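# Tertiary structure, described
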Amino acid sequence: MEPLVTIPQILVFNAPYNRLQSREMTLINNTEQVLMFKLKTNNAQHYVVKPTVGLVEPYSTSKVLISLCRFDFQPRTCYQHRFIVETFYIPVDGLQQCDREAPKAFFKRTPRSDMGVVRIRVRLEATPALPPKERLADVPAQAVAEPLLGKQPALEEPQKAKRIRGPRSWFLWTLLILAFVVAVLFIGIFRNDDTSKASSHSPVLDNVNLSI
């Protein structure tokens, strides 16, 4: 395993270049010593780096923000932008507090022959960056179901509505039938009651001789 790993190992920028673009780079220290680092580029007029100097604790990471300023990009030009990371490892006990607070002073008094170098390439694309493809698994189920329902044939809509409203229609029909039966029974009872009353008040004419 490399003592220093940079993610990404290639910095990629995309058109258009009439705007500020920023990329984040992660420095990973895979050793039990403190890593001192310093970033340099061969095109300092195009880039802003924060921080340019710093340290990474043992088995830890540090973030660096690299920004490309706007410039007149020529698609036919072969740009040779690159970065280098100068590194130096110090035991934890041998690092002084002043070096932690001011790492630039440490690099000023350290010979470059004692430093390691990690190179980072830069690629300038002439085309805009493509948006990341959206995976189906990341889309909520509701967002997938709604467009699919809109694409179904129109003939299926009445069937779907009939299946949904079926229990209601049966319930309404049952109520109507029961109401009709109750009404018929009520009318029959009312008529029987009237007939019985009429027969009780009528005079008896059997075996009666009427004379004038």
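The model shown is predicted, which means the values in this text are computed figures rather than measured ones.

### Structural notes on unusual backbone geometry
In most cases, non-glycine residues show a negative phi, while peptide bonds are predominantly trans. Residue P8 is reached from I7 by a cis peptide bond, and omega for that bond is 0 degrees. You can see P8 is positioned in the loop between β1 (4–7) and β2 (10–13). Note the cis peptide between A15 and P16, where omega equals 0 degrees. Tracing the backbone through its elements, the reader meets P16 in the loop between β2 and β3 (21–29). In this structure, Y59 takes a positive phi of about 55 degrees despite not being glycine. Relative to the helices and strands, Y59 is located in the loop between β6 (53–56) and β7 (61–68). On the basis of relative accessible area, Y59 is assigned to the exposed category, the value being 58%.

### Things to note about the side chain of S62
If you trace the backbone, S62 turns up in strand β7. If near-sequence neighbours (up to four positions away) are discounted, S62 is found in contact with M25, T26, L27, F37, L55 and V56.

### Side note on the nonpolar core
Ranked by size, the top nonpolar core spans 23 residues in total, and within it F13, Y17, L39, Y47, I66, F83 and L124 carry the most contacts. Apart from residues no more than four positions distant in its own chain, F13 is found in contact with Q21, R23, Y47, I66, L68, V122, R123, L124 and E125. Formed by 9 residues, the second largest nonpolar core is a distinct cluster that contains M36, V53, I90 and F107.

### Comments concerning the sheet that holds β2
One open sheet holds the 5 strands; their spatial order is β2-β9-β8-β4-β6, and the pairing between them is mixed. A strand with exactly one partner marks an edge of an open sheet, and here the two such strands are β2 and β6. Strand-to-strand twist across the sheet, computed as the mean angle between neighbouring axes with direction ignored, equals 25 degrees. Note that strand β4 (residues 34–41) and strand β8 (residues 82–90) share 8 bridges and pair antiparallel. Looking at β8, one finds that F37 is bridged to T87.

### Details of the packing of aromatic side chains
If you walk through the whole model with that rule in mind, you get 9 aromatic pairs. A centroid spacing of 5.7 Å and a plane angle of 85 degrees characterise the contact between F106 and F107, whose relative ring orientation is edge-to-face. Cluster of aromatic residues (ring-pair linked, three or more members): Y17, F71, F73 and Y79.

### With respect to the pairing of β8
The pairing of β8 with strand β9 (residues 116–124) spans 6 bridges and is antiparallel. Counted as the bridge partner of R82 is R121 from β9.

### Structural notes on the side chain of T26
The topology assignment puts T26 in strand β3. The class of T26 is buried, set by a relative accessible area of 12%. Within polar-contact distance, the side chain of T26 engages the side chain of K63 at 2.9 Å. For T26, the residues in contact, after removing those within four places along its chain, are V5, T6, I7, T61, S62 and K63.

Cut-offs and rules
- Residues numbered from 1 in each chain as written.
- Predicted model: local features only at pLDDT ≥ 70, side-chain atom pairs only at ≥ 80, totals over all residues.
- Heavy atoms only, no water.
- Helix = DSSP H or I, 4+ residues; strand = E, 2+ residues; numbered from the N terminus.
- Buried < 20%, exposed > 50% of the residue type's maximum accessible area, 1.4 Å probe, protein only.
- Contact = heavy atoms within 4.5 Å.
- Core = buried A, V, L, I, M, F, W, Y, C linked by side-chain atoms within 4.5 Å.
- Pairing = 2+ DSSP bridges.
- Axes fitted to C-alpha atoms, helices over the stretch in contact; angles between N-to-C directions.
- Phe/Tyr/Trp six-rings, centres within 6.5 Å; stacked < 30°, edge-to-face > 60°.
- Polar contact = N/O pair within 3.5 Å; in protein donor to acceptor, adjacent residues only side chain to side chain.

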